[in-house]
Amino acid sequence: MEEVKTIDDQTHGTERPTLPGKHEHGKSDHTIKTYSDSSGSSRYLDEPNDRQKNPNRQNQRRQNIRRRNICLQVSLCCIILAAVISVALVLVYYFRDDSIPNPNSENSPQALFSHFPPEALSRLVRAYDMVSTVSDESALNDTKSPQYRALKWIVEEDSSFISEAKEVFIQRYVLALLFYATKGENWIEKMGFLSAEHECQWHDNNNYGVFACDSDSRVVGLRLSSNNLTGPIPPEIGQLTRLKRLFLWGNNIGGPIPTQIGELRHLTNLQLYENNLVGVIPPEIGRLISLLEVDLHSNSIRGEIPAELGNLHNLNKFDLDTNRLSGVVPTTLGSLKHLDVFDIHNNNISGDMDYMCFLGISW
């Protein structure tokens, strides 16, 4: 039996590497080396693998596996965190509170009044927070709207009242808004409107303007008749909740009667005749159970008489003469025992004549 020799490069030894765990012997963890002897024939020597020759190699592989697992765990955590942040942003977008003005938005009060000195911004934010509860934000953000102009006047020229209670502040804002909404600069008499005086002093010697306030300095009487008011009645008029008498007749007031007028629960006299009112009679007027007189004659009001007006049990005058009303007189008006005048001349109203005579209706 021929002896196996180990030779170096000078004896032409060659080495054929094999993949770990896969070799001709079918055994794992071994390396097969091939040599050539002096006769040129190949010889094999099965030696221990590198792990047996290098004991630290196994520890190094374990560390590599550990690092790879840590990287995978970190990547997974990053993916989960990104998903959570994305869901949170979506929820914030869909459930955001649009009533809070964004100071970075071009429609925020700070942006709209960017010319203000820094010390005025705190007044602006407080005023905006209060008026945005009664006026639509789209109107407040429209630089041409009367709402914007009234807010601007308060912050720029009337800031001393911003510190007042909300109800007092809103009352002043609504009266300023009425001034701008009806082109107050063209009124025949300004009656002290937009002066530095308390709004209860906004009247002349003939009791035109704010002619009555109660002991809490809340407006209860407003007379602006025959004063060249031009434009619509702003819906914010419903915020004058102590108002009892509203006289706006003989002007150029247009647009519909705002439904918010139904919030004036203490109203006893509503006189809007000889204007350019359109639309319908708001059924919300039926809530005003303290009403004694309603005069809407000489306008362009359409539609039918609301049946809800049968709730006005204290009503003694209801004048609808010269409008564009149609339909029939609702039977609910039969319960108005105090109704002395109900004028529906010059309309397209129909109904049983005997019944209307029973009601004392003039037509």
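Anything mentioned here points back to the structure above.
Rules used in this analysis
The written sequence of each chain sets the order in which its residues are numbered from 1. Thresholds applied to this predicted model are a pLDDT of at least 70 for local features of residues and 80 or more for the giving and counting of side-chain atom pairs; totals over whole chains, interfaces and linings are not thresholded and use all residues. The side-chain quantities take in all heavy atoms of the structure and omit both hydrogens and water. Put simply, DSSP H or I for four residues or longer makes a helix, DSSP E for two residues or longer makes a strand, and each gets a number counted from the N terminus. Burial status follows relative accessibility: with a 1.4 Å probe on protein chains alone, a residue under 20% of its type maximum counts as buried, one over 50% as exposed, and anything between as partly exposed. Between two residues, a contact is recorded if the distance between any of their heavy atoms is within 4.5 Å. Surface accessibility in these figures is a Shrake-Rupley result with a 1.4 Å probe; residues are shielded only by whichever protein chains are displayed. Any two cysteine sulfur atoms lying within 2.5 Å of each other are counted as a disulfide. When charges are counted, Lys and Arg contribute as positive and Asp and Glu as negative, whereas His and the chain ends are disregarded. Counted as salt bridges are all cases of a side-chain nitrogen of Lys or Arg within 4 Å of a carboxyl oxygen of Asp or Glu. N or O atoms closer than or at 3.5 Å make up a polar contact, with two conditions inside protein: a donor-capable atom paired with an acceptor-capable one, and, for residues adjacent in sequence, both atoms drawn from side chains. Residues with no salt bridge and a relative accessible area higher than 30% make up the patches, which join like charges within 9 Å and nonpolar side chains (Val, Leu, Ile, Met, Phe, Trp, Tyr) within 5 Å. Two strands are counted as paired when DSSP detects at least two bridges linking them. Expected helix span is given by 1.5 Å per residue-to-residue step, counting one fewer step than there are residues. Axes here mean lines fitted to C-alpha atoms, for a helix over just the part in contact, with angles spanning 0 to 180 degrees between N-to-C directions. Note on angle classes: values under 35 degrees are labelled roughly parallel, values over 145 roughly antiparallel, values of 65 to 115 roughly perpendicular, and the remainder oblique. Should the near helix be turned anticlockwise from the far one by less than a right angle, the crossing is left-handed, and should it be turned clockwise, the crossing is right-handed. Nonpolar residues are Ala, Val, Leu, Ile, Met, Phe, Trp, Tyr, Cys and Pro. Charged residues are Asp, Glu, Lys and Arg, and all others, Gly as well, are polar. Within 6.5 Å between ring centres, the rings of Phe, Tyr and Trp (the latter by its six-membered ring) count as paired, and their orientation is classed by plane angle as stacked under 30 degrees, edge-to-face over 60, tilted in between. We count a charge as sitting over a ring when the NZ of a lysine or the CZ of an arginine lies within 6 Å of the ring centre and within 35 degrees of the ring normal.

Student: What is the right way to look at the overall build of the chain in this model?
Tutor: What the chain contains, in helices and strands, is eight helices and 16 strands. Looking at the chain as a whole, 38% of its 363 residues are labelled buried. The contacts in the chain between residues at least 6 apart in sequence include a share of 46% that link residues at least 24 apart. When the accessible surface of the chain is split by element, carbon and sulfur atoms take 51% of a total near 20,500 Å².

Student: Can you help me understand the state of the cysteines in this one?
Tutor: Tallied over the entire structure, the rule returns one disulfide. Residue pairing for cysteine 200: its cysteine sulfur links by disulfide to cysteine 213, the two sulfurs lying 2.1 Å apart. With the S-S bond torsion at -105°, the cross-link from cysteine 200 to cysteine 213 turns out left-handed. Pair noted here: cysteine 200 is in the loop between helix 7 (166-181) and strand 3 (209-213) and cysteine 213 is in strand 3, with a separation of 13 residues, a long-range link. Left without a disulfide partner, cysteine 77 is nearest to the cysteine sulfur of cysteine 78, which lies 7.0 Å away. Cysteine 77 sits in the exposed class, given a relative accessible area of 52%.

Student: Teacher, can you tell me more about the side chain of aspartate 321 here?
Tutor: Structurally, aspartate 321 can be placed in the loop between strand 12 (317-319) and strand 13 (324-328). Nearest to the buried, unbridged aspartate 321 among oppositely charged side chains is lysine 317, at 10 Å.

Student: What exactly am I supposed to notice about the side chain of aspartate 319 here?
Tutor: Within the element layout of this structure, aspartate 319 appears in strand 12. Here aspartate 321 takes part through its backbone nitrogen, which lies 3.0 Å from a polar atom of the side chain of aspartate 319. Those residues in contact with aspartate 319 that lie beyond four places of it in its chain are Val294, Asp295, Leu296, His297 and Asp343.

Student: Looking at this structure, I do not really get a nonpolar patch on the surface. What am I missing?
Tutor: Together, Leu76, Ile80 and Val84 make up an exposed nonpolar region whose accessible area comes to about 280 Å². Relative to the assigned elements, leucine 76 resides in helix 2 (residues 56-94).

Student: Would you take a moment to explain the sheet that holds strand 13 for this structure?
Tutor: Think of a sheet as strands paired side by side through backbone hydrogen bonds, with each pair either parallel or antiparallel. Taken in spatial order, the three strands of this open sheet run 11-13-15, and their pairing is parallel. Looking at which strands have only one partner, the edges of the open sheet turn out to be strand 11 (302-303) and strand 15 (348-350).

Student: Teacher, can you tell me more about helix 6 (residues 146-157) here?
Tutor: In a regular helix each residue adds 1.5 Å, so twelve residues correspond to 16 Å; helix 6 covers 16 Å between its end C-alpha atoms and thus fits that length. Among the residues making up helix 6, those that are buried are Gln147, Tyr148, Ala150, Leu151, Trp153, Ile154 and Val155.

Student: Could you clarify how one ought to interpret the pattern of salt bridges in this entry?
Tutor: Opposite charge on two side chains permits pairing when their charged atoms draw close. Enumeration according to the criterion identifies seven salt bridges in this entry. A salt bridge links aspartate 158 to arginine 172; the nearest nitrogen and oxygen atoms lie 2.5 Å apart. Placement of aspartate 158 in the loop between helix 6 and helix 7 and of arginine 172 in helix 7 is noted, with a sequence separation of 14 residues between them. By sharing partners, the salt bridges in this structure join Asp158, Arg172 and Glu199 into a single network.

Student: Sorry if this is basic, but what is going on with the packing of helix 6 against helix 7 here?
Tutor: When two helices pack together, you describe them by how their axes are tilted relative to each other and by the distance separating the axes. Interaxial distance between helix 6 and helix 7 falls to 8 Å at its minimum, and their mutual angle equals 125°. It follows that helix 6 is oblique to helix 7 by the angle criterion. When you trace helix 6 past helix 7, the crossing you get is right-handed. On the side of helix 6, the interface is formed by Pro146, Gln147, Arg149, Ala150, Leu151, Trp153 and Ile154, while helix 7 contributes Phe169, Arg172, Tyr173, Ala176, Leu177, Tyr180 and Ala181. Of the residues belonging to the contact of helix 6 with helix 7, the class tally is eleven nonpolar, one polar and two charged.

Student: Would you explain the environment of phenylalanine 318 in this entry?
Tutor: As for its position among the elements, phenylalanine 318 is in strand 12. Non-local contacts of phenylalanine 318, meaning those with residues more than four positions away in its chain, are made with Ile281, Val294, Leu309, Leu339, Val341, Phe342 and Asp343.

Student: Even after reading the chapter, I still don't get the sheet that holds strand 9 (residues 276-278), so can you show me in this structure?
Tutor: Strands sit in the order 5-7-9 across an open sheet of three strands; the sheet is parallel. Single-partner strands in this sheet number two, and they are strand 5 (230-232) and strand 9. Taking each pair of neighbouring strands and ignoring which way they run, the sheet shows an average axis angle of 10°. Alignment of strand 7 (residues 252-256) against strand 9, held across three bridges, turns out to be parallel.

Student: What is the right way to read the packing of aromatic side chains from this model?
Tutor: To describe a pair of aromatic rings, one takes the distance between the centres and the angle between the planes. All told, the structure shown has nine aromatic pairs when counted by the stated rule. Seen from their ring centres, tryptophan 153 and tryptophan 202 are 6.4 Å apart, and the 65° between their planes marks the pair as edge-to-face. On the criterion of sequence distance, the pair formed by tryptophan 153 in helix 6 and tryptophan 202 in the loop between helix 7 and strand 3 is long-range, its members being 49 residues apart. The exposure class assigned to tryptophan 153 is buried, which follows from its relative accessible area of 4%. Taken together, a centroid distance of 4.9 Å and an interplanar angle of 65° make the contact between phenylalanine 179 and tryptophan 187 edge-to-face. Ring pairing ties together the aromatic residues Trp153, Phe179, Tyr180, Trp187, Phe193 and Trp202, which thus form one cluster. Lying across the ring of phenylalanine 211, arginine 223 places its NZ or CZ 4.3 Å from the centre.

Student: So what exactly am I meant to see when it comes to the environment of leucine 339 here?
Tutor: Note that leucine 339 resides in the loop between strand 13 and strand 14 (341-343). With a relative accessible area of 10%, leucine 339 lands in the buried category. Note: C-alpha distance between leucine 339 and asparagine 316 (23 residues apart in sequence) is 3.8 Å.

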